[in-house]
Amino acid sequence: MSLREDLIFLILQFLDEENLKETAHILERETGIFFDMKYFEGLALSGNWDEVERYLSGFTKVEDNKFSLKIYFEIRKQKFLEELDNHDGPKALSILVNDLKVFAPYNEDLYKEMTQLLTAHDFRKHESLSTYRDTNSARIIMMNELKKIIEANPLFHGKLTFPNIRSQRLRRLINQSLNWQHVFCSQPQQDPVMKTLFVDHVCKPQDNHSVVNNPPTSEVGSAPVPTSPSSCTSTPSTVTHSAVTAGTVGLCALRNPAETLEELQDSESLSKTGSYKTWDEVTSGTTKPGQCQSSVFQLHDDFPKVVQKILNEGSSPVSMDFHPVQSTLLIVGTNVGDIGLWEVLSGDKLLCRSFKVWDIGACSPIFKAAMVKNPSVSVKRIRWSPDGSIFGVAYSKHILQLYSYGGASDVRPKLEFDAHVGGVNDLAFCVPDEKLLVISCGDDKIVKVWDAVSGVKIFTFEGHEASVYSVLPHNKERIHFIFSTSLDGKIKAWLYDNLGARVDFDAPGRWCTTMAYSDDAKRLFSCGTSKDGESFLVEWNEAEGSLKKIYQGLRKPSIGVLQFVTANNQFLVVGDDHLIKIWDMDNHELLTTIDADGDLPASPCVRFNKEGTLLAVFSNGNGIKILGRDSCPKLQQGSEYNFLSSSSLSEILSKLSISQISSVGSTGMEDGGVPVDEGTRNLENVKPILIEEANMKISNIYYHPQFQFLSLPAKTDKNGLTEGTVNRKSEVSSLIYNNAGDSILALGSNANHVVWKWPQNDFNMSGKVTTKIPPQSWKPIGRPRLIGDYSTRTKPADSVACFVYSKNDSYGITTSGGKISVFNMLTYKKMASFMPSPPMATSLALYPQNNNILAVGLDDSRIVIYNIRRDEVESKLKGHFGKITGLAFSEVLNVLVSSGADAQIVVWNSDGWERLNRRSMKIPDEGPPPSNIRIQFHQDQIQFLAVHDTCLAIYEAKKLECIGRWVTGKSSAQISHATFSSDGQLVYATFLDGTASVFNTPNFHLQCRIDFNACILDIRNEVYPVVVAAHPKNPNQFAVGLSNGGIHIFEPLESVRKWTASLPVVDLLNR
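Analysis parameters
- Residues numbered from 1 in each chain as written.
- Predicted model: local features only at pLDDT ≥ 70, side-chain atom pairs only at ≥ 80, totals over all residues.
- Heavy atoms only, no water.
- Helix = DSSP H or I, 4+ residues; strand = E, 2+ residues; numbered from the N terminus.
- Buried < 20%, exposed > 50% of the residue type's maximum accessible area, 1.4 Å probe, protein only.
- Contact = heavy atoms within 4.5 Å.
- Areas by Shrake-Rupley, 256 points an atom, 1.4 Å probe, with all protein chains shown as cover.
- 1 Å grid on protein atoms, 1.4 Å probe; cavity = no way out; pocket = protein on both sides within 12 Å on 5 of 7 lines; lining within 4 Å.
- Points joined across faces, edges and corners; volume = space filled by probe spheres on them.
- Nonpolar A, V, L, I, M, F, W, Y, C, P; charged D, E, K, R; others polar.
- Pairing = 2+ DSSP bridges.
- Axes fitted to C-alpha atoms, helices over the stretch in contact; angles between N-to-C directions.
- Parallel < 35°, antiparallel > 145°, perpendicular 65-115°, else oblique.
- Left-handed = near helix turned anticlockwise from the far one by under 90°.
- Salt bridge = Lys/Arg side-chain N within 4 Å of Asp/Glu carboxyl O.
- pLDDT = per-residue confidence, 0-100.

## Quick look at the overall build of the protein
For step 1, the next point in the chain: Across its full length, the protein holds 18 helices and 63 strands.
For step 2, the next point in the chain: Residue burial in the protein is summarised as follows: out of 1071 residues, 55% are buried.
For step 3, the next point in the chain: Restricting the contact set of the protein to residue pairs at least 6 apart, pairs at least 24 apart contribute 55%.
For step 4, the next point in the chain: Entry remark: accessible area of the protein is about 47,400 Å², with carbon and sulfur atoms responsible for 50%.

This is the structure we're talking about:
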């Protein structure tokens, strides 16, 4: 296939995605590149004979071959017989003379017989036409015959199948082109606005006083729904990156295509100019002007240099990392595969876990064979995620494990990967585009990127020729990239795409090298050791890809591979020669050394906590020494910092008898809720839950002004109708943020839709939904308000209102008891309507792989799979015994989950729509009947939330195992609605008493409660929250819709930024 043909196919796909069907078929006919059999069949079955021959003419003529001759003859014969059947002699004669005469030379006898049919009273009396029944059946028989002839015709070979192309491929190519055009702008701006494709993009000089924080955007949007002709199921990567600006990726700033290609091709020359040639030319650095040489060898008092604690791990530690938020927590991995969690100030070991494979059945045969041969496993690297909610452990054989961390000793297995063949040498976390990823590298010479929530592998980077030793993710000018180093001394840099390495340099030492940025991300350093034991600590000039500074003072030769860290944007710290060696970043000479009271190994690992107030270093005898400041006294067990000590923990627990433990839910929580784990929960995990919940009653209720809130404004139009509210006599039935997070849509029980949009200005640079500024009630200019279809046969109280957005927010699908309608959300134009009631639609869900496929739950217990583009029902699912109350798709598992008024939860395979599993949701005995169970998938697409009036539950979708459950107590109000936060770490639940609860997942620890009564006065007048919606990007923002049509948005105070159990200080001043 030529590039020209490729381009035509991409254009055809684009036209189909844009719903420009007729234009696409014209292009097919004019190019003759693809014959759409389904379209041709539709024309023939509808009797559109002129268009049938016009479309066919683009691919073949009558005289081309015997197959083509037969095709045209069958079409014209059918047209002739239909006119005879209609007793329209003149038209039949015209067809015979003008259309069929061309076949006379090939069979004169047949042509004469057809001429005689003009005078016959009933042509069916002819022997060969006796089976002709009616027009429709004859067309179907003809079409079946034509399909066989067309498939046999060599002129159609290779033209009947549309190639398998990833959806929206042309758009991606255009966006890539725009990104590369932006790379080579002479003055690239951080926030390019690309408004045309007619000329190459060039950034205009930006006003120096302007402040812009938005990521680079182009106006080449995404199609509303991926559709045929390719019936593509390939899902585009969920990780994207902005346009690559000049100089963003370190060590090798892209300049122009020619230079870049020359550099990448000439690796020998590159290594010489990038490394070894500059060794003697590197500036060594000098003492700062006015600084005495003696003062260089003094550390300020804040530097941790005095041993405060010695921890004994029990086996030899090999890797460690301080928690990024709780700066006195240290996670440690050892040479026998153990992991330990320490509270370093008290010296308490909160947790110890030995290596264990969680799912041996999912592991590769190579790993199983390696474990049989030698079962010993060592930790290679252990790291916390940026927010400290997860930590990862890389092992010496294949395995990478992620644990979730809930505080204290609450550590739970999260994900396990058979990540690499051989050892997993390093891991790191990164958050490009607000999505938590984990990066791994290994002995198999590969770097891999995984979704840390769902476990899906997103990228595989191949190109190293030796084992990959370390990885360093980073972002610069909003461009996310990854450095990797290998044991042959190569440094490579990768963007989050599949276009290969952008940088290929030789590291000093050409063996084991690690890299790190300063805390302010402005300076890049590396430390490496050669096979001969020569070590190098250097600073890089990123723009030129050369060495900027070489630091002196390392032992020659080094004993073992050196490790280093940076601290406070000022110091470089290396474990070398049984010492802790320290350099000022601006001076190549060794600043000072610390012996930490001696007994350090030859090349000890060193780590700082985030604040730089504590320094951990390995010591002999399986020890870890914790160094603090000079002014800090020796820390004892009873220190004021010992908030997690075992003594205080046991003291608290001793006050809780067994009977008190069982009643914590009703006495220790304000709303009487009880967290329930339907699986097993050991005492280790129960303890922190009980302590946390036992103190909730007094300290966890938020009142205004301890949080930010915004009531969405209303206005009156020229007809006196209220805009900006659903209707004061109508409750909010559905509330939803758009996927971009810059608007909110509310759907009332009266089928009225209202959209609020937030302006982008100096007070709201992102243009996202916020409580800082009021939004505007929005509708297209000159268009009426958007009102859905509702049935006059259904009582308003019995109707169910549902709304879903397409992936790119261009289309909305809505129902309010009547027909289901599809609206263009930019123009409010109704694109289609279908499936009138009864039966009434009670739930909607769009198939994520193809937004033309809609799952519709009905009040007669059925689920209909409807193809919007084809306007036809594809399948009907039966498995419930009451109305369908919830539907949700998982793109990862490729399943549809449904819930019904029968309390059943059913899992369906979305490939063939067969039922995979079912389970009854456990409803408390004293609760109301399960009339309205709703479901929503977690961000990982593996777990889902089920909501009933009296309980909340989280299930693992594939096996339908309940992994967390919470029920209301007798004194608690009923739940009106609940939803996951955008990151899946929280559940927001609203109650009929005008309050909301914020739970941690999946164990439903009550984080806090929020009382709306003080700020929403209507709640006191028998008004209550009906629905809650979570912002798709901000996990700490949610919106609430009320029974009187009001909408309110809630966020924590900026000083807090999260919903925490500790109330903001403003409580003491204003409460």
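## What about the layout of surface pockets?
For step 1, the next point in the chain: Size it by volume and the second largest pocket reaches roughly 1,600 Å³.
For step 2, the next point in the chain: Asp 321, Arg 383, Leu 472, Tyr 517 and Arg 607 are the residues nearest the centre of the second largest pocket, which is lined by 48 residues in total.
For step 3, the next point in the chain: Of all elements in the fold, only strand S4 (317-322), strand S8 (379-384), strand S12 (424-430), strand S16 (468-476), strand S20 (512-517), strand S24 (564-567) and strand S28 (606-608) reach the threshold of two or more residues within the lining of the second largest pocket.
For step 4, the next point in the chain: It is S16 that contributes the most residues to the lining of the second largest pocket, 7 residues altogether.
For step 5, the next point in the chain: Here the lining of the second largest pocket is composed, by residue class, of 27 nonpolar, 14 polar and 7 charged.

## Focus: the pairing of strand S22 (residues 535-541)
For step 1, the next point in the chain: For S22, a buried count of 6 out of 7 residues is recorded, marking the element as mostly surrounded by other parts of the structure.
For step 2, the next point in the chain: Examined bridge by bridge, strand S21 (residues 524-529) and S22 share 6 bridges and lie antiparallel to one another. If you follow Gly 528 over to S22, its bridge partner there is Phe 536.
For step 3, the next point in the chain: The antiparallel hairpin formed by S21 and S22 contains 5 residues in its connecting segment, where Gly 533 sits at a positive phi of about 90°.
For step 4, the next point in the chain: Here S22 folds back onto strand S23 (residues 546-551), and the loop between the two strands holds 4 residues, one of which, Gly 545, carries a positive phi near 70°.

## Let's talk about the sheet that holds strand S48 (residues 872-878)
For step 1, the next point in the chain: The sheet built from 4 strands is open, its strands ordered S45-S46-S47-S48 with antiparallel pairing. Each end of this open sheet is capped by a strand with a single partner; those strands are strand S45 (841-846) and S48. Recorded for the sheet is a direction-independent mean angle of 25° between the axes of neighbouring strands.
For step 2, the next point in the chain: Where strand S47 (residues 862-867) and S48 come together, 6 bridges link them in antiparallel fashion. Within S48, the residue paired with Ile 863 across the bridge is Leu 877.

## A word on the packing of helix H3 (residues 37-45) against helix H8 (residues 135-152)
For step 1, the next point in the chain: Between H3 and H8, the least distance of the axes is 10 Å, while the angle of their chain directions is 150°. Relative to H8, H3 is oriented roughly antiparallel. For the crossing formed where H3 meets H8, the hand is right-handed. Of H8, the residues touching H3 (which contributes Met 37, Phe 40, Glu 41, Ala 44 and Leu 45) are Arg 139, Ile 140, Met 142, Met 143, Leu 146, Lys 147 and Ile 150.
For step 2, the next point in the chain: Here the contact of H3 with H8 is composed, by residue class, of 9 nonpolar, no polar and 3 charged.

## Here's the deal with the sheet that holds strand S30 (residues 623-628)
For step 1, the next point in the chain: Across the sheet, 4 strands lie side by side as S3-S30-S29-S28; this open sheet has antiparallel pairing. Strands at the two margins of the open sheet, each flanked by one partner only, are strand S3 (306-312) and S28. On average, each strand axis in the sheet is inclined to that of its neighbour by 25°, with strand direction left out of account.
For step 2, the next point in the chain: Relative to S30, S3 is paired through 6 bridges, and the arrangement is antiparallel. In the strand pairing of S30, Val 307 is matched with Leu 627.

## Quick notes on the pattern of salt bridges
Side chains that carry opposite charge are capable of pairing whenever their charged atoms lie near each other.
For step 1, the next point in the chain: Going through the model one piece at a time under the given rule, you end up with 32 salt bridges.
For step 2, the next point in the chain: Of the charged contacts in the structure, one is a salt bridge between Asp 504 and Lys 492, with a shortest N-O distance of 2.8 Å. Remark: Lys 492 occurs in strand S18 (residues 490-495) and Asp 504 occurs in strand S19 (residues 503-506); sequence separation between them is 12 residues.
For step 3, the next point in the chain: For Asp 504, a relative accessible area of 23% puts it in the partly exposed group.
For step 4, the next point in the chain: Between Glu 872 and Arg 870 there is a salt bridge, and its shortest N-O distance comes to 3.9 Å.

## Here's the deal with the packing of helix H5 (residues 66-85) against H8
For step 1, the next point in the chain: With their axes 9 Å apart at the nearest point, H5 and H8 run at an angle of 175° to one another. In this view, H5 runs roughly antiparallel relative to H8, as classed from their interaxial angle. Touching Phe 67, Lys 70, Ile 71, Glu 74, Ile 75, Gln 78, Glu 82 and Asp 85 of H5 are Thr 135, Ala 138, Arg 139, Met 142, Leu 146, Ile 149, Ile 150 and Ala 152, all from H8.
For step 2, the next point in the chain: Partitioning the contact of H5 with H8 into residue classes produces 9 nonpolar, 2 polar and 5 charged.

## With respect to the pairing of strand S62 (residues 1038-1042)
For step 1, the next point in the chain: Summarising burial for S62: 5 of the 5 residues are buried, a large majority.
For step 2, the next point in the chain: Neither face of S62 is open: one carries Phe 1038, Val 1040 and Leu 1042, the other Ala 1039 and Gly 1041, and all of them are buried.
For step 3, the next point in the chain: As paired elements, strand S61 (residues 1025-1030) and S62 share 5 bridges and run antiparallel to each other. Residue Ala 1030 lies in a different strand from S62, and its bridge partner there is Phe 1038.
For step 4, the next point in the chain: Where S62 lies against strand S63 (residues 1047-1052), 4 bridges are found, and the strand directions are antiparallel. Along S63, the bridge assignment pairs Phe 1038 with Phe 1050.
For step 5, the next point in the chain: Where S62 folds back onto S63 in an antiparallel hairpin, the turn is made up of 4 residues, including Gly 1045, whose phi is positive at roughly 95°.

## As for the environment of Ala 1030
For step 1, the next point in the chain: Relative to the assigned elements, Ala 1030 resides in strand S61.
For step 2, the next point in the chain: A relative accessible area of 17% means that Ala 1030 is categorised as buried.
For step 3, the next point in the chain: Distance in space between the C-alpha atoms of Ala 1030 and Leu 986 is 10.0 Å, their sequence separation being 44 residues.
For step 4, the next point in the chain: Every residue in contact with Ala 1030, bar those within four places of it in the chain, is listed here: Tyr 737, Thr 979, Phe 980, Ser 981, Ser 982, Tyr 988, Gln 1037 and Phe 1038.

## Comments concerning the confidence of the model for the protein
Low pLDDT means the predicted atomic positions in that stretch should not be read closely.
For step 1, the next point in the chain: Taken over all residues, the pLDDT of the protein has a mean of 79, while the share at 70 or more is 78%.
For step 2, the next point in the chain: Every residue in residues 1067-1071 scores below 50 in pLDDT, and together they form 6 contacts with partners more than four places removed in sequence or on other chains.

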